[in-house]
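# Secondary and tertiary structure notes
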Amino acid sequence: MPKNRKKDGVGVGLIGLGTIGTGVARVLRQNGDLIAERMGAPLRLIRIADIDTETDRGVNLDGIVFDADAQGLVEDPQVDIVVELIGGYDVARRFTLEAIRAGKHVVTANKALLALHGREIFGAAAAAGVDVAFEASVGGGIPILRSLREGLCANRIHSVQGILNGTTNYVLTEMEKTGESFEIALKRAQDLGYAEADPTFDVDGIDAAHKLCLLAAMAFGVDLDFNDIPTEGIRHLVPLDFEIAAEFDYRIKMLGIAKEEPSHPGRIEARVHPTLIPRSSMLAAVDGALTAFLVDGDAVGSTLYYGAGAGEMPTASAVVADLMELGREVCRESAGRVAPLSYPQQNLSSPRVLPLGELQGRLYLRFEVVDLPGVLSHVTGGLADHGIGIESVIQRGPSATGEPVTVVVWTHPSPEAAVREALKRIDTGPEVLSPTRVLRIEEEVG
Ligand code: HSE
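Okay, so let's go over this structure. Since the structure is predicted, the reported quantities are computational estimates derived from the model, not experimental observations. (Residues numbered from 1 in each chain as written. Predicted model: local features only at pLDDT ≥ 70, side-chain atom pairs only at ≥ 80, totals over all residues. Heavy atoms only, no water.)

### Quick look at a nonpolar patch on the surface
- Together, M282, L304 and Y306 give the surface a local cluster of nonpolar side chains, amounting to about 280 Å² of exposed area.
- In this fold, Y306 is placed in strand β11 (residues 301-308). (Patch = residues over 30% accessible without salt bridge, like charges linked within 9 Å, V, L, I, M, F, W, Y side chains within 5 Å. Areas by Shrake-Rupley, 256 points an atom, 1.4 Å probe, with all protein chains shown as cover. Salt bridge = Lys/Arg side-chain N within 4 Å of Asp/Glu carboxyl O. Helix = DSSP H or I, 4+ residues; strand = E, 2+ residues; numbered from the N terminus.)

### Re the packing of helix α1 (residues 19-30) against helix α12 (residues 312-332)
- Where α1 meets α12, the closest approach of the two axes is 8 Å, and the angle between their N-to-C directions is 65°. α12 is crossed by α1, and the crossing has right-handed handedness. Across from T19, I20, T22, G23, V24, R26, V27, L28 and Q30 in α1, the residues of α12 making contact are E312, M313, T315, A316, V319, V320 and L323.
- Its residues assigned to classes, the contact of α1 with α12 comprises nine nonpolar, five polar and two charged. (Axes fitted to C-alpha atoms, helices over the stretch in contact; angles between N-to-C directions. Left-handed = near helix turned anticlockwise from the far one by under 90°. Contact = heavy atoms within 4.5 Å. Nonpolar A, V, L, I, M, F, W, Y, C, P; charged D, E, K, R; others polar.)

### Let's talk about the pairing of strand β10 (residues 290-297)
- Most of β10 is tucked away: six of the eight residues are buried.
- Where β10 and β11 come together, eight bridges link them in antiparallel fashion. Across the sheet, the residue bridging to A292 is Y306, located in β11.
- Where β10 folds back onto β11 in an antiparallel hairpin, the turn is made up of three residues. (Buried < 20%, exposed > 50% of the residue type's maximum accessible area, 1.4 Å probe, protein only. Pairing = 2+ DSSP bridges.)

### Some points on the sheet that holds strand β2 (residues 43-49)
- Pairing in this open sheet of six strands is parallel, and the strands run β3-β2-β1-β4-β5-β6 from one edge to the other. Of all the strands in the sheet, just β3 (65-67) and β6 (132-133) have a single pairing partner and so form its edges.
- Pairing geometry for strand β1 (residues 10-15) and strand β4 (residues 81-84), over four bridges, is parallel. Bridge pairing in β4 links I15 to E84.

### Describing α1
- In this model, α1 (12 residues) spans 16 Å end to end at C-alpha, consistent with the 16 Å of a helix rising 1.5 Å per residue.
- Considered for burial, the residues of α1 that qualify are G21, T22, G23, V24, A25, V27 and L28.
- Buried residues in α1 make contact with β1, α2 (32-39), β2 and α12. (Expected span 1.5 Å × (residues − 1).)

### Quick word on the pattern of salt bridges
- Within the structure shown, the criterion is met by 40 salt bridges.
- Across the pair R337 and E150 runs a salt bridge, and its minimum N-O distance is 2.9 Å. Here the residue R337 occupies a position in the loop between α12 and β12 (352-353), and E150 occupies one in helix α6 (residues 144-151), the gap between them amounting to 187 residues.
- With relative accessibility at 51%, the residue R337 sits in the exposed group.
- Residues E442 and K259 are paired through a salt bridge, measuring 3.8 Å at the closest nitrogen-oxygen approach.

### Structural notes on unusual backbone geometry
- One non-glycine residue, D249, adopts positive backbone phi at about 70°.
- Looking at where D249 falls in the secondary structure, it is placed in the loop between α11 (239-247) and β8 (250-259).
- On the basis of relative accessibility, which here comes to 47%, the residue D249 falls in the partly exposed class.
- The backbone of S342 sits at a positive phi, close to 80°, despite the residue not being glycine.
- Examined against the element boundaries, S342 turns out to sit in the loop between α12 and β12.

### Comments concerning the nonpolar core
- F134, I144, L148, L215, L224, L276 and W410 are the most contacted members of the largest nonpolar core, which has 82 residues in total.
- Per-element accounting of this core gives the leading share, 11 residues, to helix α10 (residues 206-220).
- V24, M39, I64 and I81 belong to the second-largest nonpolar core, a separate cluster that totals 33 residues. (Core = buried A, V, L, I, M, F, W, Y, C linked by side-chain atoms within 4.5 Å.)

### Digging into the environment of D90
- Structurally, D90 is set in helix α4 (residues 90-101).
- A residue is classified by how much of its surface remains accessible, and D90, at 62% relative accessible area, is exposed.
- Spatially, the C-alpha atom of D90 lies 8.5 Å from that of L113, the residues being 23 residues apart in sequence.

Dropping the structure here:
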């Protein structure tokens, strides 16, 4: 049995006592005995730094040094592990790197930081011989990163697909259920605390793309540039999209998709966008603010991970699990057991992301046009000119000549580039009122 050098406890310093930070303090208080039993030594939260030292967070902080001195915390010799829960880029990056340079392990929930500065942070950690753990950055309380990094590491992963963002899943579920507009559903999400006052990161897919970067790294050993991931949000969806999807037994979910296809050697498929998926698929059953991940591996087959992807206690659950993993390393002086991204830095490759134009699949096209003789043939003829087969055409609207009307087309599997070319021409027609909306249809989502 290796010697436990920290029987008296592993020192933890927490920077950022917001919602998640408070949850971390709460879990450490609530489950401290159990954690010590499992680790063989207690995790001791000895210091907290936050600019707001006044607000009562409703958690017992007795015996903890609580001030605004993050630098002092990072340099404190009693602190073995620094938890970064500041959020954002600059300050979080600075203290993460300072902690690493000071020889501390770091736990963070900051996917934006890692998606943008991961190379620098993981490189610095490798050089300093410390670890960076970030389970809470993807999927909140669901141990999806640990599953990819360890549980599934014997597999060649074919795909990781999921509802990566609870906020957008809540908004889409509400739009479908109530027939309300995006704006009204978003307002409800904000009132209930599921969406931020500035919802950009969630509703425009940026948060999901940050997460997909980390998932793809773990699943395929790829170092993707976040800016290379095609990302599309949910603002343009309208209640009619959900109605028509339902008539065809589909639901609309915001998916992050990463795939390694033998037919695309040296390239990786990675994309985030609202997607029509069959009602019978596993991901279609995930509603409200919940999230889910579907991972397909060559040995294991399909596996599904489901639960709360955000929120104080679920996210704190993941942060504290990381603290325990690193705490065990501190006890045994055994850093670097598993590389943070599952692959050692030097084994990460940088494949090109497959351009969306090269995708081949069925598409849902929503045209806003004026109901005039010949408009339907303008649409269908324009598609036919580019070899796009049509599966169904639906027209919805007041049905009066000269009035605006919506035409929805479901295509047969088609090269997306050809569809985009066709739309360029169709959308210039005088009877077309606004740019045509395109939704991808995915059949294989469990
Ligand atoms: N708003 C994010 C979500 C928070 O709902 O998934 C966790 O990243």
